[in-house]
Amino acid sequence: MNVIFRFRKALNIKKSRGKIQQFNTKNLQKSRIHKNQQANIMEQSSSSSYSENALYFIQVEEGAKQPFKAYAESAGWDLYSLSSCNEVIPARQSALINTGLKIEVPKGYYGRVAPTSGNAVKGISVDAGVIDRGYKGLLKVLLVNRTDKDITIGGGVKIAQIIIERIFEGSAFFQKLDGNQEIDNQQADKIRGENGFGSSGTFAQQNQQ
Ligand SMILES: O=c1ccn([C@H]2C[C@H](O)[C@@H](COP(=O)(O)OP(=O)(O)OP(=O)(O)O)O2)c(=O)[nH]1
């Protein structure tokens, strides 16, 4: 699986014998590999073509940092706060921290945002964390402050990691007690787009009805 970091601006255009050579999926092999080889991530301009079998991290906000794999065999890519971040998470509360990135998850996978052990031992954990394929909104991390003191999340700090996991994409059936078989495709046909964080209903809303 290719892992690609797309810059908001087309940074990866290089001049070759007077011609402009632009990276796309056809010449990914020639793409400049990020300085840290262990990161196993290729930089690409935003105008390059798209493959549904690759993982893309797309920089959409100024100060968004490229995800990083610390070791070749790390399960996840580390995620960072925006360079301008200065968010206080009050004691025993949580806050959504923006990464400034969008993500394109490859077909057959989803992204799981998980805590890093380094943050967890300091009492900072992660909630929620399911990133659906087809989600077009900003990738945000729900950080939980489990300590009795307020914690300030500064700019460009490691907040979590994202692991890309396989999912089942076959048909689902609901068999009723009377033996009639129904397939409920109402939700499956909807396009998520930028909807998230309770767009399809929440526990609180159900209780209000
Ligand atoms: O930690 C998270 C969790 C979710 N999301 C985004 C991506 C995900 O695809 C979307 C919806 O998340 P989820 O399905 O968990 O939330 P929901 O409460 O069920 O919302 P919805 O009704 O919009 O599905 O929100 C994040 O950016 N960070």
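Everything discussed here concerns the structure shown above.
Residues numbered from 1 in each chain as written. Predicted model: local features only at pLDDT ≥ 70, side-chain atom pairs only at ≥ 80, totals over all residues. Heavy atoms only, no water.

A.B. asks: How do you make sense of the sheet that holds strand 4 (residues 42-44) when you look at a structure like this?
C.D. replies: The strands making up a sheet associate through backbone hydrogen bonding, with each pair oriented either parallel or antiparallel. Taken in spatial order, the four strands make up an open sheet running 4-1-5-9, and their pairing is mixed. At either margin of the open sheet sits one strand with a lone partner, and together these are strand 4 and strand 9 (101-104). The mean angle between the axes of side-by-side strands here comes to 25°, regardless of whether they run parallel or antiparallel. With three bridges connecting them, strand 1 (residues 3-6) and strand 4 associate as parallel partners. Note on strand 4: the bridge partner recorded for Phe5 is Glu43. (Pairing = 2+ DSSP bridges. Helix = DSSP H or I, 4+ residues; strand = E, 2+ residues; numbered from the N terminus. Axes fitted to C-alpha atoms, helices over the stretch in contact; angles between N-to-C directions.)

A.B. asks: So what exactly am I meant to see when it comes to the nonpolar core here?
C.D. replies: A general tendency of soluble globular proteins is for nonpolar side chains to be buried together. By size, the foremost hydrophobic cluster in this structure holds 31 residues, and its most contacted members are Phe57, Val113, Leu143 and Ile162. If one sorts the elements of this core by residue count, strand 15 (residues 158-166) sits on top with four residues. Sequence-distant contacts of Phe57, that is, excluding residues within four places in its chain, are made with Val3, Ile4, Phe5, Arg6, Ile41, Pro67, Trp77, Leu101, Lys102, Ile103 and Ile162. (Core = buried A, V, L, I, M, F, W, Y, C linked by side-chain atoms within 4.5 Å. Buried < 20%, exposed > 50% of the residue type's maximum accessible area, 1.4 Å probe, protein only. Contact = heavy atoms within 4.5 Å.)

A.B. asks: Is there a simple way to think about unusual backbone geometry in this case?
C.D. replies: A negative phi holds for most residues other than glycine; trans holds for most peptide bonds. One non-glycine residue, Arg92, lies in the positive phi region at around 65°. Mapped onto the elements of the fold, Arg92 is located in the loop between strand 7 (87-89) and strand 8 (94-98). The backbone of Ala128 shows a phi angle near 55°, a positive value even though the residue is not glycine. Mapping Ala128 onto the fold places it in the loop between strand 11 (124-127) and strand 12 (130-131).

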